[in-house]
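So the chains spell out like this:
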Amino acid sequence: MVRKGCNSLVRAEKILTHIAWVGVASYMELLKEFQYPKSSLLNLLNVMVECGFLIKNKNGHYSLGIKNYELGCQALHRQNIFEVTKRPMQELSLKSGLVCHLGAMESYSALYLDKVESPNSVPTSKSWIGKKLELHITALGKALLAWKTREELDYFLDALTLTPHTRNTFTDKKLFLEELQKTRLRGWAIDNEESTYGAVCLSMPVFNMYNRVNYAISLSGDPVVYSGNKIDGYLELLRKCAGQISYGLGYRNENEYLRKGN
């Protein structure tokens, strides 16, 4: 027996299962299949598209969205993600002397899943496990976005509001897309005082066995820490850590981590 108030969730599950079976379906096909009230079905489909569970193409047909894949990957791997990440992150923080974060995407935000502080790093209360971050102002957010498909990027860019925080913040979506393309090309992301003045962050993606990026790691410092040629050393440490974690998650294309920072 379905509990009162859960009809929409049950209907959404049936729609996802049906589309997973047939591949794509139009509004009229779904209406004929389930015979739900017209307005209720349309509202439900719109919400599922907004949440990323469905994608609506130019012809009005619906297919499964990447959100289903991401949740499935997280369900498979999150149960042991900290077992895989803890030691490499501790080594990274110790050798760099900086704060290291592990992040994942949640809806339209980045989320801190873990934080490791070096004995030599300055303690900070500005970051904590569970904190949500805007994607466009953080290195973690850029690393999580940059390796998505163009279709996925278009979806997220349509949904994001690029709120300015400093004069360095990307507020133009075309320029932000170019920044994501540069990030993917060089293999790492940077928050160059885009979230707050006096804070610089580097981040690299973590790949899983399906070559998907569901996690990213970062190092936080200040402009002086990353000045001159110092950034190359930090990027090499970050690259090693990301490679170790990716390997632990089943990723085997090590060429991704042979790139040098530029």
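An unreviewed UniProt entry lists the protein chain under the name IclR family transcriptional regulator, from Citrobacter telavivensis.

### Looking at the sheet that holds strand 3 (residues 61-64)
The strand order across the open sheet formed by three strands is 1-3-2, and the pairing between neighbours is antiparallel. For this open sheet the edge positions go to strand 1 (25-26) and strand 2 (54-56), each flanked by a neighbour on one side alone. Note: strand 2 against strand 3, three bridges, orientation antiparallel. Bridge pairing in strand 3 places Ile55 opposite Ser63. Each of strand 1, strand 2 and strand 3 is contacted by helix 1 (residues 7-22), which is oriented at about 95° to strand 3, the strand it contacts most.

### Considerations on the environment of Leu133
Here Leu133 shows up in strand 6 (residues 132-134). Looking at Leu133, the relative accessible area reads 10%, which means it is buried. Taking the C-alpha atoms as reference, Leu133 lies 9.6 Å from Glu106; in sequence the two are 27 residues apart. Sequence-distant contacts of Leu133, defined by excluding residues within four places in its chain, comprise Ser109, Ala110, Tyr112, Thr138 and Leu140.

### Comments concerning the packing of aromatic side chains
In this structure the tally under the stated criterion is seven aromatic pairs. An aromatic cluster of three or more residues is present, and its members are Tyr108, Tyr155 and Phe156. Positioned above the aromatic ring of Trp188 is the side chain of Arg186, whose terminal nitrogen or guanidinium carbon lies 4.2 Å from the ring centre.

### Re the nonpolar core
Ranked by size, the top nonpolar core spans 30 residues in total, and within it Leu202, Tyr215, Ile217, Leu219, Tyr226 and Ile245 carry the most contacts. Mapped by element, the contributors of at least two residues to this core are helix 4 (66-96), strand 4 (99-106), strand 5 (109-116), strand 8 (200-207), strand 9 (213-221) and helix 8 (230-248). Non-local contacts of Leu219, meaning those with residues more than four positions away in its chain, are made with Leu92, Ser96, Leu98, Val99, Cys100, Val200, Cys201, Leu202, Tyr226, Tyr234 and Leu238. Tyr112, Leu140, Leu180 and Phe207 belong to the second largest nonpolar core, which has 27 residues in total.

### Thoughts on the UniProt feature "domain: HTH iclR-type" (unreviewed entry) in the protein chain
According to UniProt, the positions carrying the feature "domain: HTH iclR-type" (unreviewed entry) are residues 6-66. Between the C-alpha atoms that bound residues 6-66 the distance is 24 Å, and the span itself is 62% helix and 15% strand.

Criteria and thresholds
Residues numbered from 1 in each chain as written. Predicted model: local features only at pLDDT ≥ 70, side-chain atom pairs only at ≥ 80, totals over all residues. Heavy atoms only, no water. Pairing = 2+ DSSP bridges. Helix = DSSP H or I, 4+ residues; strand = E, 2+ residues; numbered from the N terminus. Contact = heavy atoms within 4.5 Å. Axes fitted to C-alpha atoms, helices over the stretch in contact; angles between N-to-C directions. Buried < 20%, exposed > 50% of the residue type's maximum accessible area, 1.4 Å probe, protein only. Phe/Tyr/Trp six-rings, centres within 6.5 Å; stacked < 30°, edge-to-face > 60°. Lys NZ or Arg CZ within 6 Å of the ring centre and 35° of its normal. Core = buried A, V, L, I, M, F, W, Y, C linked by side-chain atoms within 4.5 Å. UniProt positions renumbered as here; feature names shortened; annotations may be inferred.

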